[in-house]
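Remarks on the overall topology
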Amino acid sequence: DLLKEDLSEYKTLVIDTAGKAIDFLTLHICKKQPGLMQTDGTLSLKGYGVRKQAFSNFITEVTSLGKNIIFLAHEREEKDGDNRYIRPEIGGSSGNDLMKDLDLVGYVESLNNKRTISFNATDKFYGKNTAKLPARMEIPDYTGRQPVFLEEILRLYQQSMLEKQRLSTEYNALLDFIEENIDSVVDVETANEVAEKLKKIEHIWDSKLQAAYKLNTRASQLNLRFNKKSNQYEPIQSLAKTN
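Residues numbered from 1 in each chain as written. Predicted model: local features only at pLDDT ≥ 70, side-chain atom pairs only at ≥ 80, totals over all residues. Heavy atoms only, no water.

Next up on the list: helix 1 (residues 18-32). The end-to-end C-alpha distance of helix 1, which contains 15 residues, comes to 21 Å, matching closely the 21 Å that a straight helix rising 1.5 Å per residue would cover. Regarding helix 1, the residues found buried are Ala18, Gly19, Ile22, Leu25, Thr26, Ile29 and Cys30. For helix 1, the buried positions fall inside an angular range of 135° around the axis, keeping them on one side. Facing away from the buried side of helix 1, by more than 90 degrees, are the exposed residues Phe24, Leu27, Lys31 and Lys32. (Helix = DSSP H or I, 4+ residues; strand = E, 2+ residues; numbered from the N terminus. Expected span 1.5 Å × (residues − 1). Buried < 20%, exposed > 50% of the residue type's maximum accessible area, 1.4 Å probe, protein only. Arc of directions from axis to C-beta.)

Structural data, given as structure tokens:
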């Protein structure tokens with residue numbers, strides 16, 4: 001029902017809290033489809049599946065509108081022997097499903113009388129930091145001022161995503177360049193020429209490994225092998241004579 005309203009003037013939706021949103025969704029499903037409710041008032045196994053899909057659809061619809069979505073949640077303590085671990089308080093398996101769909105998950109706590117948030121997972125709490133934000137950030141005191149901290153987080157996130165998109169475009173172009181050069185390898189001379197050329201380029205992510213694997217595969221097809229002593233590709237027969 002929320003998405004039927006005109007949200008054009010809003011950039012961000014804030015759900016407070018995620019656990020309550022799950023509860024309201026459960027009530028909605030039970031009202032619309034009573035057959036998915038068990039005699040004790042909880043959802044059936046099929047009902048949980050319907051709720052999971054409905055929740056996922058909601059996130060997809062919001063993001064497809066170009067909106068940011070922020071979920072607030074209370075904390076829940078889990079124990080594993082003597083170890084304590086803090087996770088967001090979200091009903092049932094929906095919590096795990098939500099964690100998969102979110103790009104950032106931060107934990108807010110007070111340290112030395114200052115509110116902080118960390119997106120990095122630790123032994124104490126769950127976190128998710130796809131935007132490579134600082135390990136811990138102090139939340140300013142906005143008493144009497146317009147709070148802009150979340151805007152800054154979203155700005156840093158969007159900046160990180162744009163950088164990833166840029167690198168992804170350059171990465172794909174680089175792989176095409178590597179492929180074209182390796183396709184030109186027809187003998188030992190061109191193998192060494194291409195190997196030298198690929199050493200001088202600025203690699204992105206795993207492109208260096210990709211280049212080495214593809215070039216070695218091509219060299220093997222041409223009955224060539226890399227000689228670590230000479231740092232050159234040579235015919236396999238030549239290597240056999242020198243050993």
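Pairing of strand 10 (residues 224-227) with strand 11 (residues 232-235), which is carried by four bridges, proceeds in the antiparallel orientation. Residue pairing for strand 11: Leu224 is matched across the bridge by Pro235. Adjacent in sequence and paired antiparallel, strand 10 and strand 11 are bridged by four residues, among which Asn231 carries a positive phi angle near 60°. (Pairing = 2+ DSSP bridges.)

Let's shift gears to the environment of Arg136. Position of Arg136 relative to the elements: it lies in the loop between strand 8 (128-129) and strand 9 (137-138). Relative accessible area serves as the criterion here: at 37%, Arg136 is assigned to the partly exposed category. Residues Arg136 and Thr116, 20 residues apart in the sequence, show an inter-C-alpha distance of 6.7 Å. Contact partners of Arg136, with chain neighbours within four places excluded, come to Glu109, Leu111, Thr116, Ile117 and Ser118. Separated by 2.9 Å, the side chains of Arg136 and Glu109 make a polar contact. (Contact = heavy atoms within 4.5 Å. Polar contact = N/O pair within 3.5 Å; in protein donor to acceptor, adjacent residues only side chain to side chain.)

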